[in-house]
Amino acid sequence: MRGTSAALQPPADATAPVRHPEAPAPGELLGAHYGQCFGCGDEQPHGLHLQARAGEGVSLTAEFTVKAAHQGAPGLAHGGVLATALDETLGSLTWLLRTIAVTGRLETDFVRPVPVGAVLHLQAEVTAVAGRKIYATATGRVGGPDGPLAVRADALFVEVKVDHFIDNGRQEEIQAAMNDPDQARRARAFEVNP
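The shown structure was predicted, so the numbers you read here are calculated from the model rather than taken from an experiment.

Looking at unusual backbone geometry
Outside of glycine, negative phi angles account for most residues, and trans bonds account for most peptide bonds.
Part 1 of the reasoning: The residue histidine 49 is not glycine, and still its phi comes out positive at about 50 degrees.
Part 2 of the reasoning: Along the chain, the position of histidine 49 falls in the segment before strand E1 (51-54).
Part 3 of the reasoning: If you check the backbone angles, arginine 98 has positive phi at about 55 degrees while not being a glycine.
Part 4 of the reasoning: Locating arginine 98 in the fold gives a position in the loop between helix H2 (94-97) and strand E3 (101-110).
Part 5 of the reasoning: Classification of arginine 98 as partly exposed rests on a relative accessible area of 41%.

Looking at the environment of glycine 39
Part 1 of the reasoning: Of note, glycine 39 is situated in the segment before E1.
Part 2 of the reasoning: By relative accessible area, which is 3% here, glycine 39 ends up buried.
Part 3 of the reasoning: Residues glycine 39 and alanine 85, 46 residues apart in the sequence, show an inter-C-alpha distance of 6.5 Å.
Part 4 of the reasoning: Aside from chain neighbours lying at most four places away, what touches glycine 39 is Leu48, His49, Leu50 and Glu88.

Some thoughts on the confidence of the model for the protein chain
Part 1 of the reasoning: Per-residue pLDDT for the protein chain averages 87, and the proportion of residues at 70 or more is 82%.
Part 2 of the reasoning: The weakest mean pLDDT in the protein chain belongs to helix H3 (residues 163-168) at 56; the strongest belongs to strand E4 (residues 119-130) at 98.

Quick notes on the rules
- Residues numbered from 1 in each chain as written.
- Predicted model: local features only at pLDDT ≥ 70, side-chain atom pairs only at ≥ 80, totals over all residues.
- Heavy atoms only, no water.
- Helix = DSSP H or I, 4+ residues; strand = E, 2+ residues; numbered from the N terminus.
- Buried < 20%, exposed > 50% of the residue type's maximum accessible area, 1.4 Å probe, protein only.
- Contact = heavy atoms within 4.5 Å.
- pLDDT = per-residue confidence, 0-100.

Following this line, the structure appears as structure tokens:
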């Protein structure tokens, strides 16, 4: 039985999300926001290498293949890895709002086991915005975008300034990201929730 906590219920004065005019076009691959990100980074050998695509409105789809390094029980994805996939997918929605935000709360339901070798097909959307709070929901299915439901989550993200990352991150990584000669990669490292 699913029950979302009161903290994830948008207030009565929440508004519908509005896709930013400069958001990636529907169908566009979002790419990694940071090469070392465990969720989407291509430089993480055991990361999820999650691939997200912009959808219509303030929605997106994503997928990742469960590898042996992602196991909990023998042959099955670790629940924490599945929660990470949901969090990464939900966090990627901020690209469509062009807002820097971090996860404030994530509630996850594990519906069925996800075997190693399976592709988890994720769908996410922003459902409401109230001031700095962004409410979103996501599902993960195995066997295809319309396959059996495996995991789902509701989340609350909170808009922050870039200083949140600069002031709290490890300085070596912050400096390396800021010194990246690729201007687009340098900007992307601080534009989506890590």
